[in-house]
Amino acid sequence: MPTQPAITDEFIAALVTGCKNGETTAYEQVYDVYADRLYRYLLARTGDADAAADLTTEVFVRVMHAIGSFRLNR
């Protein structure tokens, strides 16, 4: 199992820049870093695995559509 890099401002900025440039690997990394945590949170909130999975997908669709306007506050 590959280890995740530390989630720093620089790491996030690099991922966002990659997404803005249309780099598939950057989108994949965003998903890999956040999907499991988001799913577990939504599962705890909803108590429904199917709903949590659907909501996780919806969140990522919306994030990827809006990534161009993301600004990292430093």
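Residues numbered from 1 in each chain as written. Predicted model: local features only at pLDDT ≥ 70, side-chain atom pairs only at ≥ 80, totals over all residues. Heavy atoms only, no water.

Trainee: So what exactly am I meant to see when it comes to helix 1 (residues 9–20) here?
Mentor: Count 3.6 residues to each turn of an α-helix, and residues three or four apart come out pointing the same way. For helix 1, spanning 12 residues, the distance from its first C-alpha to its last is 16 Å, which sits close to the expected 16 Å at 1.5 Å a residue. Every buried residue belonging to helix 1 is among Phe11, Ile12, Leu15, Val16, Gly18 and Cys19, and all of these are buried. Buried residues of helix 1, seen end-on, are gathered within an arc of 160° and therefore sit on one face of the element. In this structure, the buried side of helix 1 is in contact with helix 2 (24–46) and helix 3 (49–66). Backbone geometry just after helix 1 places Gly22 at a positive phi near 80°. (Helix = DSSP H or I, 4+ residues; strand = E, 2+ residues; numbered from the N terminus. Expected span 1.5 Å × (residues − 1). Buried < 20%, exposed > 50% of the residue type's maximum accessible area, 1.4 Å probe, protein only. Arc of directions from axis to C-beta. Contact = heavy atoms within 4.5 Å.)

Trainee: What's the story with the nonpolar core in this structure? I'm lost.
Mentor: Within the largest apolar cluster, 12 residues are counted, these being Phe11, Ile12, Leu15, Val16, Cys19, Ala26, Val30, Val33, Ala35, Phe60, Met64 and Ile67. Leave out the neighbours within four places in its chain, and Ala26 touches Leu15, Gly18 and Cys19. (Core = buried A, V, L, I, M, F, W, Y, C linked by side-chain atoms within 4.5 Å.)

Trainee: Got a minute to help me understand the packing of helix 2 against helix 3 in this structure?
Mentor: The description of two packed helices rests on the angle between their axes and on the distance between the axes. It is at 8 Å that the axes of helix 2 and helix 3 come closest, and there the two elements cross at 140°. Classified by the angle their axes make, helix 2 and helix 3 are oblique. Regarding helix 2 and helix 3, the two cross each other, and that crossing is right-handed. Seen from helix 2, the contacting residues are Tyr27, Val30, Tyr31, Tyr34, Ala35, Leu38, Tyr39, Leu42, Leu43 and Thr46; seen from helix 3, they are Ala49, Ala51, Ala52, Ala53, Leu55, Thr56, Val59, Phe60 and Met64. Taken together, the residues of the contact of helix 2 with helix 3 sort by class into 17 nonpolar, two polar and no charged. (Axes fitted to C-alpha atoms, helices over the stretch in contact; angles between N-to-C directions. Parallel < 35°, antiparallel > 145°, perpendicular 65-115°, else oblique. Left-handed = near helix turned anticlockwise from the far one by under 90°. Nonpolar A, V, L, I, M, F, W, Y, C, P; charged D, E, K, R; others polar.)

Trainee: I tried to follow the pattern of salt bridges on my own but got confused; where do I start?
Mentor: Opposite charge on two side chains permits pairing when their charged atoms draw close. Applying the stated criterion across every chain, the model contains two salt bridges. Asp36 is the salt-bridge partner of Arg40, the closest N and O atoms lying 2.9 Å from each other. With Arg40 and Asp36 both in helix 2, this residue pair falls four residues apart, about one helical turn. Across the pair Arg62 and Glu58 runs a salt bridge, and its minimum N-O distance is 2.7 Å. Of this pair, Arg62 and Glu58 both sit in helix 3, four residues apart, which is roughly one turn of the helix. The exposure class assigned to Arg62 is exposed, which follows from its relative accessible area of 57%. Given the relative accessible area of 36%, Glu58 is considered partly exposed. (Salt bridge = Lys/Arg side-chain N within 4 Å of Asp/Glu carboxyl O.)

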